[in-house]
Amino acid sequence: MKLSFKPELLAPAGDRERLDAALLYGADAVYLGGQEFGMRAAPPNFSEEGLKEAVRDCHARGVRVHLTANTLPRNEELEKLPAFLERAKEAEIDALIIADVGVMKLAQKYAPGVDIHMSTQAGVVNYLTANTLYEMGAKRVVMARECSLEEIAEVRAKTPKDLEIEAFVHGAMCMSVSGRCLLSNYMTGRDGNRGECAQPCRWQYHLMEEKRPGEYFEITEEEHGTYFLNSKDMCLIEHIPELVDAGISAFKIEGRAKSAFYVAAATNAYRAAIDGFLKAPSMDYRPEPWIVDEVRKISYRDYCTGFYFGAPEEDANIYYNGIYIRDWDVIANVLSSDGEFVTVTQRNRFFKGDVLEVMTPGEPPFELTVTDMYNEAGEAVDVAPNPMATIRIRCDRDIPAGSILRIRRKS
């Protein structure tokens, strides 16, 4: 299998902690938001100074920074856009992610020289639209999640080679076309198209007949009602060759509102999978089992492959009560290691005798049994009960700073 490009791994960064996780675990680029015009209002995002610092640190590592400007702004918001775009340019970001063609034209005026990536919110599903956006100045299009690999391959074949194609490969999916959903705004007043989605598609629903108010009927035979709008998560970790073969030049992980552990584990898994593929490119490549296991050690909904291999008519929704599967807990983050002890910042309680698992960048995880541990006063302890405390654990292996200790939840 001959390659004409190396796919970019694009990781989410909802705040500085998540950015650091993405950098440590191998992202080629990160996407993040400022204080305005981003589709994720819940995460802390980045202040003006925080953005400049983030860009400096990313560029020092050779990592690109894509800034979201992907809301659909209303009239009263437009006067703030020029200053926002100028600040983005001053921060030396590499690209703006944009959904609105009006914002696109303003970006060309107020942030000249910054690449323009057209967001998945723009709903690009064909080569005509991709070519039109390219002619308008787009450097990259982010394909709509509703596209199949066959459709993306045709877009690739019928667009200029220097138009980059990005697509989501992992994370939550929206039940609405390209994320343009009105449910949240209608039901809660929180506009999903301006970063404030309340996710009503994840709620539990029953059926009520007009003349029987207050009397609820099950839509299915499930005991707890049905989540008929609740989509599964996307996971393409086992399909790297197919993604490359379709011409996707950037693999995007969803999750700016997810935890730093999520960012670390997902980035680590896809980094290892991509690197494994690049060592001997072949359509037969499949990642090692430990890589596939990594994406099941974060909080996730049942996985599917989205629309890539056809419409998921029978494999798209989750009908059970309880959205996330979470089998592992983060115990601590590694500060340092000297070959005798590992020093960590505790996140959750753990005990002497616990068998932990250590996640390090680019390597299979390994087990660490807690035989001896000491608190900040140097006292031997049998339990680490206080979050954010500094604990030393006996360990005869060097563990890189930023590695994560986790433990399987007891059933």
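Before reading on, note that the structure itself is shown above.
If you're wondering where the values come from, they're calculated on a predicted model, not measured in any experiment. (Residues numbered from 1 in each chain as written. Predicted model: local features only at pLDDT ≥ 70, side-chain atom pairs only at ≥ 80, totals over all residues. Heavy atoms only, no water.)

A. Geometry of the sheet that holds strand S20 (residues 390–394). The seven strands lie next to each other as S17-S16-S21-S13-S14-S20-S18, forming an open sheet whose pairing is antiparallel. The strands lining the two open edges of the sheet, one partner per strand, are strand S17 (366–369) and strand S18 (373–374). Bridge count between strand S13 (residues 328–337) and strand S21 (residues 404–408): five bridges; the pairing is antiparallel. Across the sheet, aspartate 329 pairs through a bridge with isoleucine 407, a residue of S21. Across the sheet, helix H9 (residues 260–279) is in contact with S13, strand S16 (355–359) and S21; its angle to S16 comes to roughly 65°. (Pairing = 2+ DSSP bridges. Helix = DSSP H or I, 4+ residues; strand = E, 2+ residues; numbered from the N terminus. Contact = heavy atoms within 4.5 Å. Axes fitted to C-alpha atoms, helices over the stretch in contact; angles between N-to-C directions.)

B. Representation of the packing of aromatic side chains within the structure. Tallying each qualifying case throughout the model produces four aromatic pairs. When the ring of tyrosine 300 is compared with that of tyrosine 303, the centres are 4.6 Å apart and the planes differ by 10°; the resulting orientation is stacked. The buried category is assigned to tyrosine 303, whose relative accessible area is 13%. For the cation-ring pair, arginine 145 lies above phenylalanine 168, with the distance from its terminal atom to the ring centre recorded as 3.8 Å. The ring of phenylalanine 341 carries arginine 392 above its face, with NZ or CZ at 4.3 Å from the centroid. (Phe/Tyr/Trp six-rings, centres within 6.5 Å; stacked < 30°, edge-to-face > 60°. Buried < 20%, exposed > 50% of the residue type's maximum accessible area, 1.4 Å probe, protein only. Lys NZ or Arg CZ within 6 Å of the ring centre and 35° of its normal.)

C. Highlighting the environment of isoleucine 253. For isoleucine 253, the location among the structural elements is in strand S11 (residues 250–253). By relative accessible area, isoleucine 253 is classed as buried at 0%. Residues isoleucine 253 and threonine 267, spaced 14 residues apart in sequence, show a C-alpha to C-alpha distance of 7.7 Å. Residue contacts for isoleucine 253: discarding those within four places in its chain leaves Leu9, Leu10, Pro12, Tyr31, His170, Tyr262, Ala266, Thr267 and Tyr270.

D. Representation of the packing of helix H1 (residues 16–24) against H9 within the structure. Direction vectors running N to C along H1 and H9 enclose 15°, while the axes themselves pass 8 Å from each other. Comparing the axis directions of H1 and H9 gives the class roughly parallel. In the packing of H1 onto H9, the handedness of the crossing is right-handed. When H1 is examined against H9, the residues Glu17, Arg18, Ala21 and Ala22 are found in contact with a partner set consisting of Ala260, Val263, Ala264 and Thr267. The residue makeup of the contact of H1 with H9, split by class, is five nonpolar, one polar and two charged. (Parallel < 35°, antiparallel > 145°, perpendicular 65-115°, else oblique. Left-handed = near helix turned anticlockwise from the far one by under 90°. Nonpolar A, V, L, I, M, F, W, Y, C, P; charged D, E, K, R; others polar.)

E. Focus on the pattern of salt bridges. Following the criterion strictly, the structure yields 25 salt bridges and no others. With a closest N to O distance of 4.0 Å, arginine 16 and glutamate 53 form a salt bridge. Of this pair, arginine 16 sits in helix H1 while glutamate 53 is found in helix H2 (residues 48–60), placing the two residues 37 residues apart along the sequence. Accessibility expressed as a relative area gives 28% for arginine 16, which makes it partly exposed. Linking aspartate 28 and arginine 271 is a salt bridge whose minimum nitrogen-to-oxygen distance equals 3.0 Å. One end of the pair, aspartate 28, is in the loop between H1 and strand S2 (29–33); the other, arginine 271, is in helix H9, and 243 residues separate them in sequence. When its relative accessible area of 10% is taken as the criterion, arginine 271 is described as buried. Through salt bridges with shared partners, one network takes in Glu8, Arg140, Glu164, Glu166 and Lys252. (Salt bridge = Lys/Arg side-chain N within 4 Å of Asp/Glu carboxyl O.)

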